[in-house]
Amino acid sequence: MDHFLYRDGALFAEDVPISEIAAAVGTPFYVYSTATLLRHFKLFDDALEGTDHLVCYAMKAASNQAILKTLAQAGAGMDVVSGGEYMRAKAAGVPGARIVFSGVGKTADEIRTALTGGIRQFNVESEPEMQVINAVALELGKVAPITVRVNPDVDAKTHAKIATGKSENKFGIPISRAREVYALAASLPGLEVIGIDVHIGSQLTELEPFELAYNKVAELTERLRSEGHNIRRLDLGGGLGIPYTRSNDAPPLPVEYGAMIKKTLGHLGCEIEIEPGRLIAGNAGLMVSKVIYVKSGEDRDFLILDGAMNDLIRPAMYEAHHDIVAVEEPAVGVEQRPYDIVGPVCESGDTFAKQRNMPPLKSGDLIAFRSAGAYGAVMSSEYNTRPLIPEVLVNGDQFAVIRERPSFDEIINRDTIPEWL
Ligand SMILES: *Cc1c(COP(=O)(O)O)cnc(C)c1O
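Residues numbered from 1 in each chain as written. Predicted model: local features only at pLDDT ≥ 70, side-chain atom pairs only at ≥ 80, totals over all residues. Heavy atoms only, no water.

## Looking at the side chain of Lys-106
Note on placement: Lys-106 falls in the loop between strand S7 (99–101) and helix H5 (108–117). Side-chain polar atoms of Lys-106 contact the backbone oxygen of Gly-103, separated by 2.8 Å. A distance of 2.6 Å separates a polar atom in the side chain of Lys-106 from the backbone oxygen of Asn-123. Among residues more than four places away in sequence, those in contact with Lys-106 are Phe-101, Ile-111, Phe-122, Asn-123, Val-124, Glu-125 and Glu-129. (Helix = DSSP H or I, 4+ residues; strand = E, 2+ residues; numbered from the N terminus. Polar contact = N/O pair within 3.5 Å; in protein donor to acceptor, adjacent residues only side chain to side chain. Contact = heavy atoms within 4.5 Å.)

Written out as structure tokens, the structure reads:
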């Protein structure tokens, strides 16, 4: 459920007409709903009620500081995957004690930044990384809290580009070698082993792969405890999928996911951490775009938009489906017709949908891509010298621009010309 609904024939974000935002900021733009963000966070928080837990929002899904602040004020921690994300979370007011640092390639500088500013834990992905965290911690006279990310070798049954829990993926340490790696961690004086981490992929639409992985984590917890490690926190990653269409089977609900976590891991008495990104932000955001031209081809009609693959890359990169709706509600019974919906970038990959049934549309009409809140704005670029599009946050009947569209001067002046030219 989200808060983007038609009212009196027009699409709204909460209590604000989309067309009003478009008039104020121009198109294309992203718009997020505060109520939807908070609702999704609370679904997870409630699902783990009765268990000591922290929901760490995986901020790579949508990292605008206004979004981070909204969630942090509701009690969320953050999962970061770079030094830049760490600094962004801090800038949004998130205390270090609520920030978890994930990722396979943390550099010594990034580790130093986090250890200096305060960190809840590092999720360590390799032995070389473990050695570097130890060295930096000793240099700073600190002890770094860590978990080891284990790779449970389970098939997440999701798109290959976002599966992370199979042995062929670059992530984590094979669970079969975990005991040896924990023994190494325990021998390093700059580290304090506090738990285990696992994250098997994104957009999972079944609970079974999670359950397989979490059962392995339960077994490993007992094994490591018997070897003297004080395992007291389990970080279970993110990855719960969202419905991208209204027609297909809905993925499991957070409450079902939470119940499964309690069933598989509850007896261990560990603090539970989860890192959802997509489920919190995905359906809390739209990308709104305008039809520039309707072009009739030989055997099909094209809707050419002012939004493009650089603004929303998911269809080009993951063959992702987004529901696309007209901002002006189609009249009941109006005949739909198929369009290829494309952007203006000079690549055939700049295609959002092929032969998608839409109500008749004309130049100047607004359309909205649903489910665009996660991995949308954060993955955008200025390819073709197209400015990054603005982000807008709605809260009830108010809205605010939370990232402005840069001017062409700002973009162009970022280049510097060498003196020999
Ligand atoms: C990407 C990622 C997440 C979030 O995944 P979602 O599918 O957005 O929930 C959580 N943890 C780690 C380590 C990640 O890399």
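## Notes on the sheet that holds strand S1 (residues 4–7)
Read from one edge to the other, the open sheet built from 3 strands follows the order S1-S2-S3, with strand pairing classed as antiparallel. Single-partner strands in this sheet number two, and they are S1 and strand S3 (16–17). When S1 meets strand S2 (residues 10–13), the two strands line up antiparallel, connected through 4 bridges. Along S2, the bridge assignment pairs Phe-4 with Ala-13. (Pairing = 2+ DSSP bridges.)

## Re the pattern of salt bridges
As enumerated under the stated definition, the model contains 26 salt bridges in all. Here Arg-177 and Glu-127 are joined by a salt bridge, their closest N and O atoms 2.8 Å apart. On the criterion of sequence distance, the pair formed by Arg-177 in the loop between strand S10 (173–174) and helix H7 (178–187) and Glu-127 in helix H6 (residues 127–140) is long-range, its members being 50 residues apart. Overall, the relative accessible area of 27% leaves Arg-177 in the partly exposed class. With relative accessibility at 24%, the residue Glu-127 sits in the partly exposed group. Between Asp-340 and Arg-300 there is a salt bridge; the shortest N-O distance is 2.8 Å. Pair noted here: Asp-340 is in strand S17 (residues 337–342) and Arg-300 is in the loop between strand S14 (285–296) and strand S15 (301–305), with a separation of 40 residues, a long-range link. Accessibility expressed as a relative area gives 26% for Arg-300, which makes it partly exposed. One network of salt bridges, in which partners are shared, links Arg-120, Arg-233, Glu-271 and Glu-273. (Salt bridge = Lys/Arg side-chain N within 4 Å of Asp/Glu carboxyl O. Buried < 20%, exposed > 50% of the residue type's maximum accessible area, 1.4 Å probe, protein only.)

## Observations regarding the nonpolar core
In this structure, Tyr-57, Phe-122, Tyr-214, Leu-234, Leu-236, Tyr-257 and Leu-265 are the most contacted members of the largest nonpolar core, which totals 98 residues. No other element matches the 7 residues that helix H8 (residues 208–226) contributes to this core. If you count residues domain by domain, this core takes at least three from each of domain 1 (4–31 + 282–412) and domain 2 (103–274). Setting aside chain neighbours within four positions, we find Tyr-57 in contact with Ala-62, Ile-67, Leu-68, Leu-71, Gly-77, Met-78, Asp-79, Pro-276, Gly-277, Ile-280 and Ala-281. Ranked by size, the runner-up nonpolar core spans 17 residues in total, among them Ala-13, Val-25, Val-327 and Leu-366. (Core = buried A, V, L, I, M, F, W, Y, C linked by side-chain atoms within 4.5 Å. Domains from an automatic or database assignment.)

## Remarks on the domain arrangement of the chain
One frequently used descriptor of interface size is the decrease in accessible area upon assembly of the parts. When the domains of the chain are assigned, the result is domain 1 (4–31 + 282–412) and domain 2 (103–274). For domain 1 and domain 2, the distance between their C-alpha centroids amounts to 36 Å. Its residues placed into classes, the side of domain 1 that touches domain 2 shows 3 nonpolar, 5 polar and 4 charged. (Nonpolar A, V, L, I, M, F, W, Y, C, P; charged D, E, K, R; others polar.)

## Let's talk about the site of the ligand
Taken together, 15 residues lie around the ligand, and Lys-60, Ser-202, Glu-275, Arg-278 and Tyr-375 are the ones closest in. Between the ligand and Asp-79 there is a distance of 3.4 Å, counted from a nitrogen atom to a side-chain nitrogen or oxygen. Here a nitrogen atom of the ligand and a side-chain polar atom of Glu-275 are 2.6 Å apart. Expressed as a share of its isolated accessible area of 390 Å², the protein-covered part of the ligand is 94%. (Near = heavy atom within 4 Å. Areas by Shrake-Rupley, 256 points an atom, 1.4 Å probe, with all protein chains shown as cover.)

## Side note on the packing of aromatic side chains
For the structure shown, the criterion picks out 7 aromatic pairs. The structure contains a cluster of three or more aromatic residues connected by ring pairs, namely Phe-44, Phe-210, Tyr-214 and Tyr-257. (Phe/Tyr/Trp six-rings, centres within 6.5 Å; stacked < 30°, edge-to-face > 60°.)

## Observations regarding H8
Owing to its 3.6 residues per turn, the α-helix aligns residues three or four sequence positions apart on the same side. Taking 1.5 Å per residue, 19 residues should reach 27 Å; H8 reaches 27 Å between its end C-alpha atoms and fits that length. Listed as buried for H8 are Pro-209, Phe-210, Ala-213, Tyr-214, Val-217, Ala-218, Leu-220, Thr-221 and Leu-224. Just past H8, the residue Gly-228 takes up positive phi, approximately 100°. (Expected span 1.5 Å × (residues − 1).)

## Looking at helix H2 (residues 34–47)
Along its 14 residues, H2 runs 20 Å from first to last C-alpha, staying within 8% of the 20 Å computed at 1.5 Å per residue. Buried residues of H2: Thr-34, Thr-36, Leu-37, His-40, Phe-41, Phe-44 and Ala-47, and no others.

## Re a nonpolar patch on the surface
Side chains of Ile-417, Trp-420 and Leu-421 sit close together on the surface and give an oily, nonpolar patch of about 470 Å² of accessible area. Checked against the element boundaries, Leu-421 lands in the segment after helix H12 (408–412). (Patch = residues over 30% accessible without salt bridge, like charges linked within 9 Å, V, L, I, M, F, W, Y side chains within 5 Å.)

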